[in-house]
Amino acid sequence: TIHYEFENEPAVSETYTGTLEPGESVIHEFGSSVSLPGNGIYDMKVWIEVAGDENGANDVVEGSCKVKSAQYLDNQTLIDFDDYSNCSFASDCEDDICYLDNQYYNMQNSLNDDIDWRVLSGITPTQGTGPIGDHTTGTAAGKFLYLEASGECYNKKAILTTPCADLTDLTSPGLTFWFNMEGEDMGSLHVDVVSEGVLHKDVMDPLSGNWGSGWHEGHAYLSQFAGKEVTIRFRGVTGDGELSDLAIDDMMITEITGLDELAMRQSMKVFPNPSEGAYSLVFGEAIQSPVSLKVLDVTGRTVFTDAFDRVRPNQAYSIDISAFDKGIYYLVIEMENKQIKEKLMKY
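Just so it is clear, the structure is predicted and the values come from calculations on it, not from any experiment.

S.K.: Residue-level account of the packing of aromatic side chains, with values.
M.R.: Using the criterion set out here, one finds 10 aromatic pairs in the structure. Note on F81 and Y104: the rings are 5.6 Å apart at their centroids and 75 degrees apart in plane angle, and the pair reads as edge-to-face. A residue pair is termed long-range when its members are at least 10 positions apart, and F81 in the loop between strand 5 (72-73) and strand 6 (105-106) and Y104 in the loop between strand 5 and strand 6 qualify at 23 residues. Given a relative accessible area of 2%, Y104 falls into the buried group. Arranged with centres 5.3 Å apart and planes meeting at 85 degrees, the rings of F177 and F234 form a pair that is edge-to-face. Taken together, the positions of F177 in strand 11 (residues 173-180) and F234 in strand 16 (residues 229-237) put the pair 57 residues apart, joining distant regions of the chain. For the pair F177 and F234, one class covers both residues: buried. Through successive ring pairs, a cluster of aromatic residues spans F177, F179, W211 and F234.

S.K.: Hey, could you go over the state of the cysteines for me, with residue numbers and the actual values?
M.R.: Within the structure shown, the criterion is met by two disulfides. Through a disulfide, C87 is tied to C98; the S-S separation comes to 1.9 Å. Linking C87 and C98, the disulfide has an S-S dihedral of approximately 70 degrees and is accordingly described as right-handed. One end of the pair, C87, is in the loop between strand 5 and strand 6; the other, C98, is in the loop between strand 5 and strand 6, with 11 residues separating them in the sequence. Looking at C87, the relative accessible area reads 14%, which means it is buried. Residue C98 is classed as buried on the basis of its relative accessible area of 3%.

S.K.: With reference to specific residues and values, describe the environment of E5.
M.R.: Secondary-structure assignment places E5 in strand 1 (residues 2-6). Its relative accessible area of 22% is what places E5 among the partly exposed residues. Sequence separation between E5 and M44 is 39 residues; the distance between their C-alpha atoms is 5.9 Å. Those residues in contact with E5 that sit more than four places away from it in its chain are A11, D43, M44, K45 and W47.

S.K.: Account for the sheet that holds strand 22 (residues 316-320), naming residues and giving values.
M.R.: Sheet architecture is open: three strands sit in the order 18-19-22, paired in antiparallel fashion. Of all the strands in the sheet, just strand 18 (268-271) and strand 22 have a single pairing partner and so form its edges. The sheet shows a mean angle of 20 degrees between the axes of neighbouring strands, direction not considered.

S.K.: Provide a residue-level description of the pattern of salt bridges, including the pertinent values.
M.R.: Once the charged atoms of two side chains with opposite charge are near each other, the side chains can pair. Within this structure, the stated rule accounts for seven salt bridges. For D96, the salt bridge goes to R118, with nearest N and O atoms at 3.9 Å. With a gap of 22 residues between them, D96 in the loop between strand 5 and strand 6 and R118 in strand 7 (residues 118-121) connect regions that are remote in the sequence. By relative accessible area, R118 is classed as buried at 2%. A salt bridge links R301 to D297; the shortest N-O distance between them is 3.0 Å. The class of D297 is buried, set by a relative accessible area of 10%. One salt-bridge network, in which partners are shared between bridges, spans D192, D202, R233 and R235.

Parameters at a glance
Residues numbered from 1 in each chain as written. Predicted model: local features only at pLDDT ≥ 70, side-chain atom pairs only at ≥ 80, totals over all residues. Heavy atoms only, no water. Phe/Tyr/Trp six-rings, centres within 6.5 Å; stacked < 30°, edge-to-face > 60°. Helix = DSSP H or I, 4+ residues; strand = E, 2+ residues; numbered from the N terminus. Buried < 20%, exposed > 50% of the residue type's maximum accessible area, 1.4 Å probe, protein only. Disulfide = S-S within 2.5 Å. Contact = heavy atoms within 4.5 Å. Pairing = 2+ DSSP bridges. Axes fitted to C-alpha atoms, helices over the stretch in contact; angles between N-to-C directions. Salt bridge = Lys/Arg side-chain N within 4 Å of Asp/Glu carboxyl O.

Okay, structure coming up:
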């Protein structure tokens, strides 16, 4: 006999008549539903009763269900988390619960995942990992989400879920976001999509390893979901040690104009960023057409230029703006009627 109940609502009970071998599992869909009175978080309990069960201690699962009004991500609108409330940065792993804005939410620890994404401003508490300031403002005033790996919180999974995203009006929908993955013990970052009740894992190549101190732009191409409503999940996993404070910021649903541009963005790295003014630019793939670079300050003044007839894969190209004031600059890369921008931070 299988039962489930929500708080004070009457339990729903049904009978499963099949046979399960040791280690086998089955998904049972109840024929009866429960109507909950409104938005909120409801305690949920599911349990079974089996005649002759020799271990009744493992027959119950308890958790919570969050009910909320339908909300949608606005396409072309940046989500920067700057109006969110900071969470604790204590080294208490799954015991720290970070309640986010009603639109975004962390899945429940010990039920859906292991730990929470936490809201933070400034820098992460462990030296040698995490960003210095958020991506939006580049200062300690801005906020971002990150994973706290200290306290032996290693190889732990955190799932952040977005509101619904309506891709009906986008012909080449994509997700852009910024990530910081500095740390010798760095874990991995995955992007999943839920569409029509089906979970699609790793809709972009997972990101892993030490990317250095700067923020990097990530992209997930969502053309297979064009015309649908989806939710997006950021699935972060801490690494084997405390130097794996993975961070994310500035998410947006947008049009991505082409796979070539997407591939180039994903293979390109600028490091270290921030720096004292000397940067290295690396393209992961060869480019057989002319490429031009320029760096602009916040007033639009050009402070650096360079150009190449072609680009070799994995060769480092130098950018030096050390003679100029510290602050925020913009690297503009142009080729074949394409333009890519990258924010540079100089301290």
